[in-house]
Amino acid sequence: MGVTVHPTSPLRLAVIPGDGIGPEVTAEALKVLEVASPVKFEQTRYDLGAERYLATGEVLPDSVLAEIKEHDAILLGAVGGKPNDPNLPPGILERGLLLKLRFELDHYVNLRPSKLFPGAVSPLSDAVLGKGEIDFVVVREGTEGLYVGNGGSMRTGTPAEVATEVSLNTAYGVERVVRDAFERARRRRRKLTLVHKTNVLVNAGSLWWRITQDVARDYPDVAVDYLHIDAVMIFMATDPARFDVIVTDNIFGDIITDLAAAITGGIGLAASGNINPDRTYPSMFEPVHGSAPDIAGQQKADPTAAILSAALLLDHLGHADAAARIDEVVLADLSERDGSGRRTAEIGDAIAARL
Ligand SMILES: NC(=O)c1ccc[n+]([C@@H]2O[C@H](COP(=O)([O-])OP(=O)(O)OC[C@H]3O[C@@H](n4cnc5c(N)ncnc54)[C@H](O)[C@@H]3O)[C@@H](O)[C@H]2O)c1
Ligand SMILES: CC(C)[C@H](C(=O)O)[C@@H](O)C(=O)O
Ligand SMILES: [Mg+2]
């Protein structure tokens with residue numbers, strides 16, 4: 001009997017280092033990916049971001065978007081300038097580049113795991129930490145909600161100005177992300193928390209609530225909980241061990257995951273994947289943090305979030321063992337951190353060396 005050996009062709013990786021600390025942390029993620037990955041990546045680098053925009057006026061040309069779609073995955077650093085930077089029109093890179101990629105590539109699951117690794121320092125008290133392990137994942141809807149750009153401004157700049165941002169929620173969009181969250185809960189500790197604000201946002205809230213109840217019938221083995229977004233802020237600070245899988249809309253997920261990062265060792269450790277579960281387009285992996293203009297270019301950024309995002313990328317491409325190995329090595333590195341302020345590249349080197 002013969003065995004067919006398929007030559008392993010390299011996977012195509014689109015790399016968008018972006019702005020600020022983006023290029024610094026992406027360099028370390030690539031360093032680690034190179035050592036950890038059982039497959040070779042053929043990289044295409046894209047100089048998208050503030051510099052290109054300021055030099056050429058281009059944000060994400062259609063031809064570049066079409067090219068990016070031909071890749072197997074995308075690794076992104078961060079985009080954006082200083083908040084309210086006068087040289088950049090508001091949201092030009094956030095909406096025009098980052099969200100455009102998430103929307104065009106149908107990244108409807110924005111997956112943001114939060115785990116307090118041993119060695120990572122949480123600002124929570126011992127009493128709170130004693131309640132149980134912090135290990136949850138936020139499934140943030142990535143293609144709808146307040147992020148769709150459904151709004152406008154009338155009588156702009158006058159005392160009678162009116163500005164709107166209308167949240168768009170479709171039954172189709174909510175159901176697919178809720179179903180994904182239930183699937184993840186089933187593979188974890190079988191608890192799902194829907195987060196919304198059904199007491200005030202009665203239209204969108206009702207849609208999310210009804211769909212979650214309906215989908216729950218297909219998952220009788222998963223316990224369903226509901227919390228208003230404001231109460232989630234309380235429990236993140238007082239009892240985060242209660243969470244397993246959180247499913248929520250785009251804006252609430254954005255806010256929850258910065259706080260979740262803060263309680264699990266800081267924003268420098270928080271990884272994310274913008275997942276297209278149907279695999280019609282490449283998924284994109286990036287740290288939760290932004291371009292951190294306050295520390296850019298100084299080798300002060302922690303590249304761990306970018307490195308853990310590369311692990312999510314490997315996992316998504318079917319290399320769960322390699323991904324788990326990166327997590328393990330990060331854990332070892334974290335447990336030996338002594339607060340001595342290693343440079344960005346030193347952290348990347350240390351993690352790559354352990355691999
Ligand atoms: N995914 C993205 O590309 C993304 C995400 C968030 C914000 N942004 C953009 O980034 C810019 C800055 O936004 P911001 O200041 O609100 O958020 P930010 O996440 O860039 O920074 C917030 C704080 O966290 C610190 N920080 C962030 N990442 C760190 C790291 N890896 N190591 C150590 N410290 C780190 C920063 O120094 C800063 O003090 C804005 O233009 C914003 O729109 C982009
Ligand atoms: C930069 C911005 C568009 C983005 C978001 O709001 O999704 C960021 O804050 C994030 O969390 O990835
Ligand atoms: Mg955010």
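Above this text sits the structure in question.
One structure accompanies this document, and this report is about it. Note that the structure is a prediction, hence the values are computed from the model and not measured. (Residues numbered from 1 in each chain as written. Chains lettered and ligands numbered in written order. Predicted model: local features only at pLDDT ≥ 70, side-chain atom pairs only at ≥ 80, totals over all residues. Heavy atoms only, no water.)

Some words on the overall build of the chain
Applicable threshold: Helix numbering and strand numbering both begin at the N terminus, where a helix is a DSSP run of H or I of at least 4 residues and a strand a DSSP run of E of at least 2. The globule rule used here is 2.2 Å times the number of residues to the 0.38 power, and the radius of gyration it is set against is calculated over C-alpha atoms. Buried residues are those whose accessible area, probed at 1.4 Å on protein chains only, stays under 20% of the maximum for their type, while exposed residues exceed 50% and partly exposed ones sit between those limits. Accessible surface is estimated by sampling points in the Shrake-Rupley manner with a 1.4 Å probe; for residues, cover comes only from the protein chains shown. In this tally, Asp and Glu contribute negative charge and Lys and Arg positive charge; neither His nor the terminal groups of the chain are included. To locate a charge, the coordinates of NZ of Lys, CZ of Arg, CG of Asp or CD of Glu are taken.
The number of helices and strands found in the chain is 12 helices and 12 strands. Here the C-alpha radius of gyration of the chain, 20 Å, is about what a compact globule of 355 residues would show, namely 20 Å. Taking the principal axes of its C-alpha atoms as reference, the chain extends roughly 55 × 55 × 50 Å. Going through the 355 residues of the chain one by one, you find that 50% of them count as buried. Approximately 16200 Å² of the chain is accessible, and the part contributed by carbon and sulfur atoms is 54%. Averaged over its 35 positive side-chain charges, the chain has a centre that lies 3 Å from the centre of its 49 negative ones.

Describing the site of ligand 2
As a reminder of what qualifies: Whether a residue is near a molecule or strand depends on its heavy atoms: if one lies within 4 Å, it is near. Side-chain atoms alone can form a polar contact between residues adjacent in sequence; in general such a contact is a pair of N or O atoms within 3.5 Å, and within protein one must be able to donate a hydrogen while the other accepts it. Classes in brief: Ala, Val, Leu, Ile, Met, Phe, Trp, Tyr, Cys and Pro nonpolar; Asp, Glu, Lys and Arg charged; the others, Gly included, polar.
Near ligand 2 you find Glu94, Leu98, Arg102, Arg112, Arg140, Tyr147, Asp254 and Val288, and these make up its full shell. Within the side chain of arginine 140, one N or O atom sits 2.7 Å away from an oxygen atom of ligand 2. Computed on the free molecule, ligand 2 has an accessible area of 320 Å², of which 79% lies beneath the protein chains in the complex. With 3 residues, helix α4 (residues 92–104) is the largest single contributor of residues to the shell around ligand 2. In terms of residue class, the shell around ligand 2 is built from 3 nonpolar, no polar and 5 charged.

Re the environment of valine 162
Heads up, the condition is: The contact criterion used is simple: two residues touch if any of their non-hydrogen atoms lie within 4.5 Å.
Relative to the assigned elements, valine 162 resides in strand β7 (residues 162–165). Relative accessible area serves as the criterion here: at 36%, valine 162 is assigned to the partly exposed category. Beyond its immediate chain neighbours, meaning those up to four positions away, valine 162 contacts Gly152, Ser153, Met154 and Arg155.

Considerations on the pattern of salt bridges
Rules: By definition here, a salt bridge exists when the distance from a side-chain nitrogen of Lys or Arg to a carboxyl oxygen of Asp or Glu is within 4 Å.
Under the criterion given, the structure shown has 29 salt bridges. Each of Lys115, Glu133, Asp135, Arg188, Arg189 and Asp244 takes part in a single network of salt bridges with overlapping partners.

Some thoughts on the packing of helix α10 (residues 304–316) against helix α11 (residues 320–335)
The cut-off we apply is this: For helices, the fitted line uses only the C-alpha atoms of the stretch in contact; every axis is such a line through C-alpha atoms, and the angle between N-to-C directions lies from 0 to 180 degrees. An angle below 35 degrees is treated as roughly parallel, one above 145 as roughly antiparallel, one from 65 to 115 as roughly perpendicular, and anything else as oblique. Take the far helix as your reference; a near helix turned counterclockwise from it by less than a right angle gives a left-handed crossing, and one turned clockwise gives a right-handed crossing.
With their axes 7 Å apart at the nearest point, α10 and α11 run at an angle of 160° to one another. The angle between α10 and α11 falls in the class roughly antiparallel. In this structure, α10 crosses over α11, and the sense of that crossing is left-handed. Here Thr304, Ile307, Leu308, Ala311, Leu314 and Asp315 of α10 lie close against α11, whose contacting residues are Ala320, Ala322, Ala323, Ile326, Asp327 and Val330. Looking at the contact of α10 with α11, its residues break down into 9 nonpolar, 1 polar and 2 charged.

Some points on the site of ligand 1
The immediate surroundings of ligand 1 are formed by 20 residues, with Gly81, Glu94, Glu286, Gly290 and Asp294 found nearest. Measuring from an oxygen atom of ligand 1, one finds a backbone N or O atom of glycine 290 at 2.8 Å. Within the contact set of ligand 1, a nitrogen atom lies 2.9 Å away from a backbone nitrogen or oxygen of aspartate 302. Coverage of ligand 1 by the protein amounts to 70% of the 800 Å² it exposes when considered alone. Of the residues contributing to the shell around ligand 1, the split by class is 10 nonpolar, 6 polar and 4 charged.

Notes on the environment of leucine 227
When you line up the elements, leucine 227 lands in strand β9 (residues 223–228). According to the relative accessible area criterion, leucine 227 is buried, its value standing at 9%. Along the primary structure leucine 227 and valine 195 are separated by 32 residues, whereas in three dimensions their C-alpha atoms are 5.1 Å apart. Ignoring anything within four residues of it in the chain, the contact list for leucine 227 reads Thr193, Leu194, Val195, His196, Val232, Phe235, Arg242 and Phe243.

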